[in-house]
Structures are given as C-alpha cells and as structure tokens.
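Chain and residue survey
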Protein chains: 2
Amino acid sequence: MSRNLLAGVDIGGTKTAVVLSTSPPEVLKRIEFATSPEQGPGPAIHKIKTAMRKMLETQGQTASSLRGIGVSCGGPLNSNAGLIQAPPNLPTWINVPIVDMLSAEFGCPVQLENDANAGAIAEHRFGAGMGYRQMVFLTLGTGLGAGIIIDGRLYRGASDMAGEIGHVRLTQSGPVGYNKAGSAEGWTSGAGMTQVAEQMLRKAESRGEGSVLLNAMKRGSLTARYVGLAARSGDPVARRIVRVCGLKLGLSLAILVDILNPECIVLGGLAVRLGDLILKPARKSLQREALKPALDACRLLPALLGERIGDVAALCVAMEAGSSTDISSRRRS
Amino acid sequence: MSRNLLAGVDIGGTKTAVVLSTSPPEVLKRIEFATSPEQGPGPAIHKIKTAMRKMLETQGQTASSLRGIGVSCGGPLNSNAGLIQAPPNLPTWINVPIVDMLSAEFGCPVQLENDANAGAIAEHRFGAGMGYRQMVFLTLGTGLGAGIIIDGRLYRGASDMAGEIGHVRLTQSGPVGYNKAGSAEGWTSGAGMTQVAEQMLRKAESRGEGSVLLNAMKRGSLTARYVGLAARSGDPVARRIVRVCGLKLGLSLAILVDILNPECIVLGGLAVRLGDLILKPARKSLQREALKPALDACRLLPALLGERIGDVAALCVAMEAGSSTDISSRRRS
C-alpha cells in the first residue's frame, strides 16, 4: 500500500484540529475538539489518536498509508527532541514527547514545529509569501510569534529560538507580553491590545467619554477581537486603541526591516481582521523608523490562508516529516 | 601563467590599503596611503592602481596572475552594480563604479562588499567565528556595522541591506548615529561614544568632578579611543562613559539574540580595545533583556583579526570574486 496520506495536528490552547490530506493545502477530512488543557495532556492526546484512526477508517485506509504527521503547537518546544514544553496556553503540557507518542502509535515520521514557524512555512508555500526568498511571518494572534524564511527555507537559529521579535522591548514600560513590560508582544498581540484597551478605556471614562467597550471591560469580557469589531463599527476609543497598537506594530516591523531586509513581511491575525485600521498607523511609524532602501525593498502583505492557516501549517510540517523516510535521522538532524 | 594571486583593497575614510596574497589570511605585499576624500575619488583610485602594479612588479608578476580583486568599503554601496555610493566617510565618492574601473584595468573578476559584511566573512573564515554556522559580526568602529552569517554564508537580505542594527532606536532621545537620535549606532559606536562622553563630561564638570578627558574635550580632540585609554587608566568619568555605552551595547545584542538566535556574536573595534570595561556592562543588560534559552546558545567573542581585519576582509572578498571565472554572472548574481 502506498504512503499517500499526510496528517496535520494543530494544538491550540482552546481547540485542537486533526486534518488529513493527500495534497496540501487541500483537506480531505477534519476533526476539531476542545483541548481542555486544565485536564492535562492525556485526554487531548487520546482524542488526537482517536480522531486520526476514525478519519483513516472513513477513508478506507490504515496507519500504513500515512507518509507523515505534522504537529503545530505554541512554543516553547524542542523540535529536535519532539517535546512540547508547557507553552503559556498549555501550562499542563510539561515536556510532552508528542513526536515519540504519535510515531509509536502510527509508525510514520512525525515532526513538531512551533506555530509561528509552521505558519511561516504555510504562508510561504501556499499563501501570501509564495515566490519570495526572504520573508518574515508575524502571527499577531493572542501572542506575537514570528517565523523567518531565508533563501526559501525556514530559519531556526542556533537553538530553534529565532524570530522572537515579540520579546524585544519597544518602550521602558507598557503592556506586558512575553513576561516583559513594553515588549513588542505587549503592544501588538491580541492579549497586549486588551491591556492597552483597558488602560485607554479607564482614561476615556475618567474624561466622561463613552465607548461600547466600557461594558465589556466591566463584565471582564474585553478581547482584542471585540476591540476590533468596535473599531470597525466606528467607536472612537476603539479606533484610538487600534491606532496606538498599530504605531507600535510599525516599530516592530522597522526592527525586522533594518536587521533582516526581507522581501516581504506577511501579517496574520489582527492585521487580517483589522486591515488598514491597524496597518495605516503601522506603515506610518514603519516609514519614520526604518531605513528607506530596506523599506523600499519590503512588501507588507496580509496573510492569505486566513482561518485555514492552522490546518495548512500542520500539513506543511507533515510534508517536511514525510520527506524523510528515516525517522531518527529526520528528528535529530 | 596561472592565476594564483588575490588582491584586496580596503578603502577607509582616513587611509586605504592594497594587499596581495597567494593564500589568505597571509599577506605577501602591502601598500598603504592616505585616502584624502576631500580630493575626490580620482587620486585615490589612481594610487590603488599604481600600488597594485608596483606590488605585482616586485613579485615578478603581471595582472594576468590576478585571480580576483576584492574591495571592502563603508556603505552605502551597491555590491551588485559595483558602485560606492557616497558613504559618510567618503562623501565625495558619489556612485563610483569601482568594480568596472578595476576590472577594466586588470582584466580579472572584481567584487565590492561593505566593510561590515567583509569583516563578517573574514572573522567567520579566519577569526573568532571559525566553525560556527550562525554568526553575527559587529564592527563597533566609528560606526556600528553588522554582518550576518547564516548557514555558514553571508546573508545579504533582499537588497544588500541586512544587518543594520545600528539604525534601530534604543531610546527616544540620545546620541545620534545613522541620522537617528538614540539609535544603537548613536549609543555604541566610536562616534556615538564621543557624544555620550561630551554630555557626561559637561555634567561632571558642573558638579566639580575632574577628568583627564576634560582638556581633550575643550581642545576638541575627544575621541572614543581616548575615552578608552582614560577608562583603562582608571579615570572614573571615563569608566562611567564606557559603562553607559556598554549597557546600551547589551540592549543591541539582546535584539540580535532574540531575533537571530545566533551561535555567536563576534565583536570588533571598541569591544576588543576595551574588553571587560565595555563587555561586563553589556553582558549585564544582555542577560536582563534577552530570552534565556537563546542567550544560553550564544557566545560573545572578541574579534581575533585585530588590526589585520581590513586586509583579510578585502582578501576574503577577493576569494569570492576569484571563485567565479565569469565576471558578469558573478557581479549580477
């Protein structure tokens, strides 16, 4: 029987998706369930295996048809050792040997990659970054992850940590991200925008200025998504919040442009949802801060894979896993 | 006759060196002269050609023995087109087609490279970075240039502008470098340290605190080199100046560590001359700012080539030039 199937596993803090494909980015089958990290990794890993078996069965296939499995997950993780190391959104997943677990179960090559790197590969191979050699992908999700493509390939750095622009401090104080006040993740991630919103809403309220966001804040249900919706609908305070985060996003982009001189930066998450509301101020501070010849060479592109990015990213990792037949050499390479 | 000779041309704002070698980093012959940029590029280029002919003659050779010529020079420049584009230290060298000029004269492949990139190649091939795959080299000279080695090769970026950490803003105000107040070049280059020194000396003086540097400042002869000598000899104000610049150097290093996760950062210029006086505070702020797993994977190494770096860097560029026999394809590649 030919090994013609690829499986992707996208493990998030809220939900996990398992997908099957013969030719990414197309998806044959997809099963999604709650990750429930408060229960520890056991139940979710059991569900991953069950979902995979079930999907194989409905395709009339067995595990022997699997060419590779790709797992995409938030960092920190060790892709060489195949370990998930208690990422902030999965605090109970402490040194989970996901690669060994799945390769023992399904007998095929398995690879683990952090979601920003996997997303960078996906947008480079099938999305906005197609055809570019030097690219940076920014997740702009709950956190701010980045994946760097150099000469058409993922750049990992010395110890799998490259691309942590989210940890770079933009201001001496400010919203906290990556355990650091005023960091790029503090200012420009979803979680960071929520902090910026709370501070700006309190100021607005003390001035007697209203906002549709005030009630959400008081209910404790303020999210970046909600700030974005309010900004889209024209709420002035929400627009100012997005503008402040956008200006800081531009500072982060300028650092990447000055150091990496990429051909393009692909922006996911908030940038796709908010469009020019966040990109216009970002371009403004980027133009003020970055070196002109490097900026002239760099295109800012919204990510193209949208909500599919998690599935396609995991399948791209599966393609890398499946491109080697020797599991051990691939994992330790 | 075999093409066994490589020639290097290191063009600086003060002096230019022309060197001849059969096996870099060894140097067979070397001629140095004043660049005198105030006279325009003509006289210096004439001297480069004369020096080259003279060295070939004393070796009993002709231009037909030249395998390649490498030119190392401050940026901005266009390495693909072979143009020197009025770098700050050579303001009269406006779009000088140095590559065409020398290849027409000597009939061999010629390559132009900015001095930070050339220095990175030299330290990687023959200096402190030998054997590392992911490396950053910082010049820490009059300016702050950086060359990035990725997977063992120079990384240029989309338009030859990669590595401009000197342009990244560390503080909202501060010493000016790269036309930007508070930039990494403003805080951590030789020219930047002189500005920091002037400000701190004025404060010290207003408090009635003495320093051997005060007279130099009043004579208008304050330099980073002199600040370094005074710090080495124990002058308290000079030590504080170096410490302030060192703390900011650490911030610049942290950005490089977080984004590039290199195996090592090789530090030239000020770091070699000042040693722990500047590296100790740099390590302190680096440890505070950078991600621990990325920092653990990164060694800080003083450059090894010392005063020879300009010669060896130009010869490394000559090696790259000489590794292709087709001039046009090499220059446009």
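Reading the values: rules and limits
- Residues numbered from 1 in each chain as written.
- Chains lettered and ligands numbered in written order.
- Predicted model: local features only at pLDDT ≥ 70, side-chain atom pairs only at ≥ 80, totals over all residues.
- Helix = DSSP H or I, 4+ residues; strand = E, 2+ residues; numbered from the N terminus.
- Rg over C-alpha atoms; globule rule 2.2 N^0.38 Å.
- Buried ≥ 20, exposed ≤ 12 C-beta atoms within 10 Å, placed from the backbone.
- Contact = placed C-beta atoms within 7 Å.
- Pairing = 2+ DSSP bridges.
- Least-squares fit on C-alpha atoms with pLDDT ≥ 70 in both.
- Domains from an automatic or database assignment.
- Nonpolar A, V, L, I, M, F, W, Y, C, P; charged D, E, K, R; others polar.
- pLDDT = per-residue confidence, 0-100.
- Axes fitted to C-alpha atoms, helices over the stretch in contact; angles between N-to-C directions.
- Parallel < 35°, antiparallel > 145°, perpendicular 65-115°, else oblique.
- Expected span 1.5 Å × (residues − 1).

Another aspect to go through is the overall build of chain A. Per the secondary structure count, chain A includes 13 helices and 14 strands. Here chain A has a C-alpha radius of gyration of 20 Å; the compact-globule value for 333 residues is 20 Å, and the two agree. Its C-alpha atoms give chain A principal-axis dimensions of roughly 70 × 50 × 30 Å. Looking at chain A as a whole, 56% of its 333 residues are labelled buried. Nonlocal contacts in chain A, meaning residues at least 24 apart in sequence, comprise 64% of its contacts between residues at least 6 apart.

All names here are of chain A. Of all five residues that make up strand β9 (residues 146-150), five are buried, and the element is covered over most of its length. The alternating pattern of β9 places A146, I148 and I150 on one face and G147 and I149 on the opposite face, and all of these are buried. Across four bridges, strand β8 (residues 135-138) lies against β9 in antiparallel orientation. Looking at the pairing, M135 lines up with I149 of β9. One ladder, built from three bridges, connects β9 with strand β10 (residues 153-155); its direction is antiparallel. Directly across from I148, in β10, lies its bridge partner Y155.

The next subject is the relation of the copies chain A and chain B. Mapping chain A onto chain B is achieved by rotating through 180 degrees and translating by 0.0 Å along the same axis, at an RMSD of 0.1 Å. Between the two chains, the operation in question is that of a two-fold axis. Same-surface contact between copies: 100% of interface residues of chain A are shared with the interface of chain B.

A word on the domain arrangement of chain A. Residue and element names in this part refer to chain A. If you check the domain split of chain A, you get domain 1 (5-119 + 308-332) and domain 2 (130-304). Domain 1 and domain 2 are separated by 28 Å when their C-alpha centres are compared. Taken residue by residue, the interface counts eight residues in domain 1 and ten residues in domain 2. Residue classes in the side of domain 1 that touches domain 2 are distributed as two nonpolar, five polar and one charged.

Counting residues at the interface gives 27 residues for chain A, matched by 27 residues for chain B. A total of four residues in the side of chain A that touches chain B trace back to one element, the largest contributor, which is helix α8 (residues 236-260) of chain A.

Residues and elements named next belong to chain A. Mean pLDDT over chain A: 94, with 97% of residues reaching 70 or higher. Long-range and interchain partners of residues 325-333, a stretch whose pLDDT sits below 50, account for eleven contacts in this model, where long-range means more than four residues apart. For this predicted complex, the interface score ipTM comes out at 0.92, while the overall pTM is 0.93.

Attention shifts here to the packing of helix α3 (residues 115-126) of chain A against helix α12 (residues 309-322) of chain A. All names here are of chain A. Between α3 and α12, the shortest axis-to-axis distance is 8 Å and the interhelical angle comes to 90 degrees. When the axes of α3 and α12 are compared, the pair comes out roughly perpendicular. Taking contact as the criterion, the partners of D115, A118, G119, I121, A122, R125 and F126 in α3 are, on α12, I309, V312, A313, A314, C316 and V317. Per-class residue counts for the contact of α3 with α12 are ten nonpolar, one polar and two charged.

On to the pairing of strand β7 (residues 110-114) of chain B. All names here are of chain B. Of all five residues in β7, five are buried; the element is thus mostly enclosed. Along β7, one buried face is formed by V110, L112 and N114 and the opposite face, lined by Q111 and E113, is buried too. Relative to β7, strand β4 (residues 66-73) runs parallel, the two being bridged by five bridges. Looking at β7, one finds that G70 is bridged to Q111.

Turning next to helix α5 (residues 190-206) of chain B. Residue and element names in this part refer to chain B. End to end, α5 covers 24 Å across 17 residues, agreeing with the expected 24 Å (1.5 Å per residue, within 8%). Close packing links the buried residues of α5 with β11 (176-177), α4 (184-188), α6 (213-219), α7 (224-232), α8 (236-260) and α9 (270-274). Where α5 terminates, the next one or two residues include G208, which has phi positive at roughly 80 degrees.

Here we take up the sheet that holds β8 of chain A. All names here are of chain A. As summarised here, the arrangement of the five strands in space is β10-β9-β8-β13-β14, forming an open sheet in which the pairing is mixed. Every interior strand has two partners, whereas the edge strands, β10 and β14 (299-302), have only one. Strand-to-strand twist in this sheet, taken as the mean axis angle between neighbours without regard to direction, amounts to 25 degrees. Across the sheet, α3 is in contact with β8, β9, β10 and β13 (264-267); its angle to β9 comes to roughly 50 degrees.

Attention now goes to unusual backbone geometry. Residues and elements named next belong to chain A. In this model, G75 is joined to P76 through a cis peptide bond whose omega is 5 degrees. Following the sequence through the fold, P76 ends up in the loop between β4 (66-73) and β5 (77-78). Despite not being glycine, D160 has its phi angle at roughly 70 degrees, a positive value. Among the secondary structure elements, D160 is positioned in the loop between β10 and β11 (176-177). Take D160: there are 21 C-beta atoms within 10 Å of it, and that puts it in the buried class.

Attention now moves to the sheet that holds strand β2 (residues 15-21) of chain A. All names here are of chain A. Spatially, β3-β2-β1-β4-β7 is the arrangement adopted by the five strands of the open sheet, whose pairing is mixed. Across the chains shown, the open sheet's two edge strands, defined by having one partner strand only, are β3 (29-34) and β7 (110-114). Along the sheet, successive strands turn relative to each other by an average axial angle of 15 degrees, direction set aside. Inspection of the sheet shows strand β1 (residues 5-11) paired to β2 by six bridges, in the antiparallel sense. When the sheet's bridge partners are listed, G8 is paired in β2 with V19. Across the sheet, helix α2 (residues 98-106) lies against β4 and β7, angled at about 150 degrees from β7, the strand it touches most.

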